[in-house]
Structure formats: C-alpha cells, structure tokens
Protein chains: 2
Amino acid sequence: MGKLYVVGFGPGGKEHMTQKAIDVITQADVVTGYTTYVNILKEYFPDKKYIATPMMQEVKRCEMAVEEAIKDQTVAMVSSGDSGIYGMAGIIYQVADEKQADIEIETVPGVTAASAAASVLGAPLMHDFAVISLSDLMTPLELIMKRVDCAGVGDLIVCLYNPKSKKRTGYVEQAADILMKYRSDKMPVGIVRNAGRSDESSCITTLGELKNAEIDMFSVVIIGNSQTYTKNGRMITPRGYAVKR
Amino acid sequence: MGKLYVVGFGPGGKEHMTQKAIDVITQADVVTGYTTYVNILKEYFPDKKYIATPMMQEVKRCEMAVEEAIKDQTVAMVSSGDSGIYGMAGIIYQVADEKQADIEIETVPGVTAASAAASVLGAPLMHDFAVISLSDLMTPLELIMKRVDCAGVGDLIVCLYNPKSKKRTGYVEQAADILMKYRSDKMPVGIVRNAGRSDESSCITTLGELKNAEIDMFSVVIIGNSQTYTKNGRMITPRGYAVKR
C-alpha cells in the first residue's frame, strides 16, 4: 500500500526541520509541493525526484500526490511551516476520500510561522492568542475582520498569516483600525519577514504606526495584547510570574 | 559572554525535535528545565549535565539558568513544545533584564502541542484558530472564559492547552457550554493525550459529549468550527478548495 506523508518542513532553514521530516523526505520516492517550497528543499536534498506545481494549483497538486501513492510510491507532500496549519493536510484527506484511495496518510508536524516569528521577536506569545489569515481567497473578508474584532474583544494576541500579497493590500491597516478600538495605538507590533531563513529580517513598531510598516506576503505580523511591552529591542508578553514574585 | 538558549524540544519524541534543538542541547554545558522534561531528554542525551527543578519553581529555574550563563556557560533551558508559546522564553527575558545580565539569549522554536495534536487527529487546524490555556494560575478564570466566548462569536477553531489538572476540573465543561451557545452540540472535538510521544492516544467526540470524555493535564483539546466534520476517523476543517473546484 502506498504511503503519503504530509510534511511541514518548518520556516525554511534546514536546522528548523524536525528529524522526522528529514527522514521522511530522505526516504521518499517522490517529493511534491509548490514550486517555491520544492526549490528550498532541492538545496538540502539535491538527489530526490521532485514534482512541483505553481501556486493556485493546490487541488491538482494534491491529486498528483495521491495518484503517486496509489501507484505504491512513498510520497512526501511538502509545505513550509506546519502542514497542519493552513497547510495541505486537509485537502489531501479530501482528495483521498473523493478518490477512495487505498493509501496510508500521515501528517508530520513542523514549526509553524507563528513560532518562528515569535522566536525572532522575543517572547510575544506567552499568553492566549489567535492565528488569523488575511487571505480572502477562500474566506469572506467580512468573516476575517469579524475574527479580528473578536480577538480585540478577548484581548488575545493576534498573529496574522498572509498579511499582504501583490493584489491584496489594505487588510492589515483595516485589522489595525479594528484592534485600536480595544487597544492603545502604542501597543507593540512585531513584523518578521522570512522568519527562520537566511534572509530573515524583523522590526518592532506600534499598532498606530503599522500602516507605515513594510509588509509583504513573506511576512508574519504579531500584535501584542494589553500586557505586551518592549524592552531592549524584544517584544514580551508577560505571564504574571514576575508579578507573583 | 555566556549564551542562554531557550529551547522547545517539541511534543516529546526525539523524531519531532528540530536539528537545531538537537545541536544546541548536544553542545550545551548545562541543560536546565522542569524535572519531567529533563527526564525525557536524559533518555536521548544521557551524558549531559542537567539541573532540574520541580513544577511551580519557574522563576527560580530561570534565575539558575541566567546565573549559569553569567558564569560564561552555554546553557540550554528546555521545555516541551515550542518554548515561545506558554513557554519559558518570556520569563527568561524578564529575569535577565532584572539582573541586567550581560548574556546572549536565543530562542529555538519547536513543534507546539497544537500542531502535534492536529497531526494525530487529521486536519482540524486548516482555518483560523485560537489557542487558549485553561490554567487559571496566572490568569483570572473570567478572562479565560471571555476569550472562549469571543472564539465562539468569531467561529474560530479552539485549541485548549492545560485543559485539566488534578485540582482544576470543570473548566473544559464550562468552555463547552459557552461554545454551544454558538455551535451545534454535534460539532467534532478531538482530544489527544501525550501527542507525539510513545504512549500517545486520541479520540474524537462531540461538543455535547465532551463532559464525558477522559481528559487530563497531558491532553490537548481541539474544538472544531462550524465547518469541521469527521470522516474515516479523521477530523477535518475544510478550507474551500474542494467547493471551489
């Protein structure tokens, strides 16, 4: 029986891959994924057989992966971060169910972008948080912004995935305006671009200044809650320990 | 100058550690952490110098780690999951700031419990979600439940950390009652105990039946949103791809 692994390889640098992700890719007959991700892995595993498809072809990519597994191949379907968070795991199961494919599927978890970005900024995720994607390709914008509003009401730290793309601008600003109904415009906001990769960069700004920040599709934005502060260039959300002391 | 790494070693199994976590622990002069975590790592790295402290001594543990680094030691302060999510990263920075310690601090991200649990259940975290800890040791219960309510309003998937302890019971049931104001009692709920460890176990139940489920302090609970379904024993939150097709 063919086996299909859905592998999250973490933020990008090989050092952030789990041992299991490395082993699965090393042993796979075929590695499939979005072209950008495949190109990252080709550097680390140059001798593998790769099948890459461009962006927006998620269903086709998953169908190809499932078909390879049906042919008794061991397949590693790769994506960055954690394959279980906005990744390919869901659609792989959906496609396999549709095809009634007699294959084994296993998800290999990885370090998600929120963790990678937080590690660069200091310790912003020490308390309850919401992870919200600003991509409205599959989700109505109204629902996305409702979720941002709910995070504001609940004083949750907010971690924004897919904050911008070339075609999609203005949503980060809209989210910031919503959160400023509940939080000070001085609230620290961390922006990390290419977290966990060799060309990583980051900055810490404020909710009020977020509209002037440089943000693109490779960025993750972490907006603090009412307790978050910055010190020595680090963004920290305390959890009460020091106070208790 | 001493160096202090705050290392998340993932859910527990060595295969889920990142290469960087393995390298940092291998090269550290001293490994410090909560006794339970240190005992896990002793199996994988038997020849290290360990300093373990019991639960509830978080500040003391961090002070010891910072003091070792001040003595020019390379220290790995370890915790399970991701050290940046409810981990020790925040308090390490706080203690180092208080002591004005002239040391370098680096956080090494790991696979957080939400990712590990989701990989066991199927693909429940394909959409926006909230991570909420039910521990009221450092957070008023009222605020915790307000956050659960906000997640209900926003139709966020909810991932509960620290759902129960020996002394703290009834909070999961309270959270379920709040979410049932917004979601069907048939909504799938996944419970994973010891995710990513050799003695891992899991079950899928419903929001209405959650009060009858076996849950303890080693469990993570993932509550679906209005789109989540179960099929072939997997819990899936779709993202619209199949529909779009």
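This write-up is about the structure you can find in this document.

Parameters and conventions
- Residues numbered from 1 in each chain as written.
- Chains lettered and ligands numbered in written order.
- Predicted model: local features only at pLDDT ≥ 70, side-chain atom pairs only at ≥ 80, totals over all residues.
- Heavy atoms only, no water.
- Salt bridge = Lys/Arg side-chain N within 4 Å of Asp/Glu carboxyl O.
- Helix = DSSP H or I, 4+ residues; strand = E, 2+ residues; numbered from the N terminus.
- Buried < 20%, exposed > 50% of the residue type's maximum accessible area, 1.4 Å probe, protein only.
- Least-squares fit on C-alpha atoms with pLDDT ≥ 70 in both.
- Contact = heavy atoms within 4.5 Å.
- Axes fitted to C-alpha atoms, helices over the stretch in contact; angles between N-to-C directions.
- Parallel < 35°, antiparallel > 145°, perpendicular 65-115°, else oblique.
- Left-handed = near helix turned anticlockwise from the far one by under 90°.
- Arc of directions from axis to C-beta.
- Pairing = 2+ DSSP bridges.
- Buried area = accessible area lost by both parts, 1.4 Å probe.
- Polar contact = N/O pair within 3.5 Å; in protein donor to acceptor, adjacent residues only side chain to side chain.
- Nonpolar A, V, L, I, M, F, W, Y, C, P; charged D, E, K, R; others polar.
- Expected span 1.5 Å × (residues − 1).
- Lys, Arg positive; Asp, Glu negative; His and termini not counted.

### Some remarks on the pattern of salt bridges
In a structure, side chains of opposite charge can pair up when their charged atoms sit close to one another.
All names here are of chain A.
No. 1: The full count for this structure, using the stated rule, is 24 salt bridges over all chains.
No. 2: Residue Lys3 is joined to Glu104 by a salt bridge in which the shortest nitrogen-to-oxygen separation is 3.0 Å. With Lys3 in strand E1 (residues 3-8) and Glu104 in strand E5 (residues 104-108), the pair connects residues that are 101 residues apart, well separated along the chain.
No. 3: Taking relative accessible area as the criterion, Glu104 reaches 39% and is therefore assigned partly exposed.
No. 4: When the shortest N-O distance is used, the salt bridge between Asp216 and Arg193 registers 2.5 Å. Here Asp216, found in the loop between strand E10 (201-206) and strand E11 (219-223), pairs with Arg193, found in strand E9 (residues 188-193); they are 23 residues apart in sequence, far enough to count as distant.
No. 5: Its relative accessible area of 30% is what places Arg193 among the partly exposed residues.
No. 6: Taken together, the shared-partner salt bridges in this structure form one network comprising Lys3, Lys20, Glu104 and Glu106.

### Considering the relation of the copies chain B and chain A
No. 1: Aligned on chain A, chain B shows an RMSD of 0.0 Å; the corresponding rotation is 180 degrees and the shift along the axis is 0.0 Å. Viewed as a symmetry operation, the transformation between the two copies matches a two-fold axis.
No. 2: Residue by residue, 100% of the interface of chain B is reproduced at the interface of chain A, so both copies engage with the same surface.

### Topic: the packing of helix H3 (residues 58-70) of chain A against helix H4 (residues 89-98) of chain A
Residues and elements named next belong to chain A.
No. 1: Orientation of H3 relative to H4, taken along the N-to-C sense of each, is 60 degrees, at an axis distance of 9 Å. Between H3 and H4, the crossing angle belongs to the class labelled oblique. Relative to H4, H3 is oriented so that their crossing is right-handed. Residues Glu58, Val59, Cys62, Glu63, Ala65 and Val66 of H3 pack against Ile91, Ile92, Val95 and Ala96 of H4.

### Describing helix H7 (residues 171-179) of chain B
No. 1: Within H7(B) the residues assigned to the buried category are Tyr171(B), Val172(B), Ala175(B), Ala176(B), Ile178(B) and Leu179(B). One side of H7(B) holds all its buried residues, which, seen down the axis, span an arc of 160 degrees.

### Description of the pairing of strand E4 (residues 74-79) of chain B
Residue and element names in this part refer to chain B.
No. 1: The buried fraction of E4 amounts to five of the six residues, a majority that puts the element mostly inside the structure.
No. 2: With six bridges joining them, strand E1 (residues 3-8) and E4 adopt parallel strand pairing. Of the residues in E4, the one forming a bridge with Leu4 is Val75.
No. 3: Note that strand E2 (residues 30-34) and E4 share four bridges and pair parallel. Within the sheet, the bridge partner assigned to Val31 lies in E4 and is Ala76.

### A closer look at the interface of chain B and chain A
No. 1: Across the contact, 69 residues belong to chain B and 69 residues belong to chain A.
No. 2: The junction of chain B with chain A conceals about 6400 Å² of combined surface from both sides, 57% of it contributed by carbon and sulfur atoms.
No. 3: Salt-bridge contacts for Asp128(B) lead to Arg147(A); the nearest nitrogen and oxygen are separated by 2.8 Å.
No. 4: Counting every contact that joins chain B to chain A gives 34 residue pairs in polar contact (both at pLDDT 80 or more).
No. 5: At seven residues, helix H4 (residues 89-98) of chain B tops the list of elements feeding residues into the side of chain B that touches chain A.
No. 6: Here the residues of the side of chain B that touches chain A sort into 31 nonpolar, 21 polar and 17 charged.

### Things to note about helix H6 (residues 141-153) of chain A
No. 1: For H6(A), with 13 residues, the first-to-last C-alpha span of 19 Å sits near the 18 Å given by 1.5 Å per residue.
No. 2: Among the residues of H6(A), Ile144(A), Met145(A), Arg147(A), Val148(A), Asp149(A), Cys150(A), Ala151(A) and Gly152(A) are the ones counted as buried.
No. 3: Contact partners of the buried residues in H6(A): strand E7 (129-133), strand E8 (157-161) and helix H7 (171-179) of chain A together with helix H6 (141-153) of chain B.
No. 4: Just downstream of H6(A), Asp155(A) is the residue with a positive phi angle, here 55 degrees.

### Observations regarding the side chain of Asp97(A)
No. 1: Within the element layout of this structure, Asp97(A) appears in helix H4.
No. 2: For Asp97(A), which is buried and forms no salt bridge, the nearest opposite charge comes from Lys231(B), at a distance of 4.7 Å.
No. 3: In this structure, Asp97(A) is in contact with Lys231(B) and Asn232(B), ignoring residues within four places of it in sequence.

### Notes on the sheet that holds strand E6 (residues 122-123) of chain A
Strand-to-strand pairing in sheets goes through backbone hydrogen bonds, with the strands running parallel or antiparallel.
No. 1: If you walk across this open sheet you meet the three strands as E6-E13-E12 (chain A), and the pairing is mixed. Only two strands of the sheet have a single partner each, and these edge strands are E6 and strand E12 (229-231) of chain A.

### Brief notes about the environment of Ser133(A)
No. 1: Within the element layout of this structure, Ser133(A) appears in strand E7.
No. 2: For Ser133(A) and Arg147(A), which are 14 residues apart along the polypeptide, the C-alpha to C-alpha distance reads 9.9 Å.
No. 3: Setting aside residues up to four positions removed in sequence, Ser133(A) forms contacts with Tyr86(A), Ile144(A), Tyr161(A), Asn162(A), Asp128(B) and Arg239(B).

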